[in-house]
Amino acid sequence: MMFKRLWLAAAVFMLPALGAQAEDTNVDVRVIAKGAKFVGSSMGGVRILVKDAETGELLAKGVTAGSTGDTARIMKDSHDRKGTLWSEGAAEYAFTLDIDRPRKVKIEASGPLSQLQSMITVTSEHWILPGKHITEGDALLLELPGFAVDILSPAAHSGVEGEVVIEANVVMMCGCPITPGGLWDANAYEVTALIYQGDTKVATVPLSYAGVTSRFKGSFTPETSGPFEITVYAFDKANGNTGLDRTSIR
């Protein structure tokens, strides 16, 4: 009887050693601009936060780095359901989790980091299994909607008399250029300035392609004095993609 008890005690003591062993699990996160290419180093990248979906514990963080990818592969008219958009050297953030059981993670992607006025945050949840790497194909792919809109004129809080010239630079979130008839067609996007005084919208000013890649321009003449807020937006009616920037003048 004494021998049997000693054997049972030894078996119980050994149970933890027989449990699941933690395994390194590699995961690649890639972020692609809506209607365009991967968001990488040329736009400052996208900040990636990886959290436990249940507890909120931060598991990994970093920034996507690399090129915008293969234009021909990404922008062709149709894609096979199993086709891969990502190519070697295109932007990504790679991390490794040391886990011993399945873990649900929340991926939070915020960018582009070089255009904070146009930054958008998207989130997605995924199960990660021990030892089951997610690195093939497009891996964990998130879509970042919007346009990067940057008001160049008028300067913020500047004093203006008479006609106000509004000029903005508009690119896709990956930095891809917009030109008439181009792959990202200026004629397909609505670029407009909304002029507000207090809570009242006083003017809507369409901006036209300014003859320079990604530049749009228009003007208005205020009928009253005082501060004005200017919002410039870009809108693609084909898919609802929208981005904007704001400034103010006196």
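Scroll up to find the structure this text is about.
Our subject in this report is the structure included herewith. (Residues numbered from 1 in each chain as written. Predicted model: local features only at pLDDT ≥ 70, side-chain atom pairs only at ≥ 80, totals over all residues. Heavy atoms only, no water.)

## Points about the sheet that holds strand β1 (residues 23-33)
Ordered by their spatial adjacency, 3 strands build an open sheet running β4-β1-β7, and the pairing between neighbours is mixed. The strands lining the two open edges of the sheet, one partner per strand, are β4 (93-99) and β7 (140-144). Taken pair by pair, the neighbouring strands of this sheet meet at an average axis angle of 30°, ignoring direction. Bridge analysis of β1 against β7 gives 5 bridges, and the strand direction is parallel. Within β7, the position partnered with Arg30 by the bridge is Leu141. (Pairing = 2+ DSSP bridges. Helix = DSSP H or I, 4+ residues; strand = E, 2+ residues; numbered from the N terminus. Axes fitted to C-alpha atoms, helices over the stretch in contact; angles between N-to-C directions.)

## Remarks on the nonpolar core
If you look at the biggest cluster of nonpolar residues, it comprises 53 residues, and the most contacted ones within it are Ile48, Ile166, Met172, Ile178, Ile195, Ile230 and Val232. Of the residues forming this core, the biggest block, 6 residues, is contributed by strand β9 (residues 164-172). Excluding anything up to four places from it in sequence, Ile195 contacts Ile166, Thr200, Lys201, Val202, Ala203, Val205, Phe220, Phe228, Glu229 and Ile230. Judged by nonpolar contacts, the second largest core, of 7 residues, contains Ile32, Phe38, Ile74 and Trp86. (Core = buried A, V, L, I, M, F, W, Y, C linked by side-chain atoms within 4.5 Å. Buried < 20%, exposed > 50% of the residue type's maximum accessible area, 1.4 Å probe, protein only. Contact = heavy atoms within 4.5 Å.)

## Some details on unusual backbone geometry
Of note, the bond from Gly111 into Pro112 is cis; its omega dihedral lies within 30 degrees of zero at 0°. Mapping Pro112 onto the fold places it in the loop between β5 (103-111) and β6 (120-128). In this structure, the amide linkage connecting Ser153 to the following residue, Pro154, adopts the cis form with an omega of 5°. Phi is positive for Ala139, which is not a glycine, with a value near 55°. Phi angles above zero are rare outside glycine, and His157 is one such case at about 60°.

## Digging into the packing of aromatic side chains
Tallied over the entire structure, the rule returns 4 aromatic pairs. Here Tyr93 and Phe95 contribute two aromatic rings whose centre-to-centre distance is 5.8 Å and whose plane-to-plane angle is 20°, an arrangement assigned as stacked. Phe95 shares its class with Tyr93; the two are buried. Seen in terms of ring centroids, Phe147 and Tyr189 are 5.1 Å apart; in terms of plane orientation they differ by 70°. Their pairing is edge-to-face. Here Phe147, found in strand β8 (residues 147-153), pairs with Tyr189, found in the loop between β9 and β10 (190-197); they are 42 residues apart in sequence, far enough to count as distant. In this arrangement the basic side chain of Arg30 is found over the ring face of Trp86, its NZ or CZ atom lying 3.7 Å from the centre. (Phe/Tyr/Trp six-rings, centres within 6.5 Å; stacked < 30°, edge-to-face > 60°. Lys NZ or Arg CZ within 6 Å of the ring centre and 35° of its normal.)

## Some thoughts on the pattern of salt bridges
All chains considered together, the criterion is met by 7 salt bridges. The shortest N-O distance in the salt bridge between Glu143 and Lys34 comes to 3.7 Å. Of this pair, Glu143 sits in strand β7 while Lys34 sits in the loop between β1 and β2 (47-52); the two residues are 109 residues apart in sequence, bridging distant segments of the chain. Using a relative accessible area of 43% as the deciding quantity, one classes Glu143 as partly exposed. Among the charged side chains, a network of salt bridges with common partners joins Asp28, Arg30 and Glu92. (Salt bridge = Lys/Arg side-chain N within 4 Å of Asp/Glu carboxyl O.)

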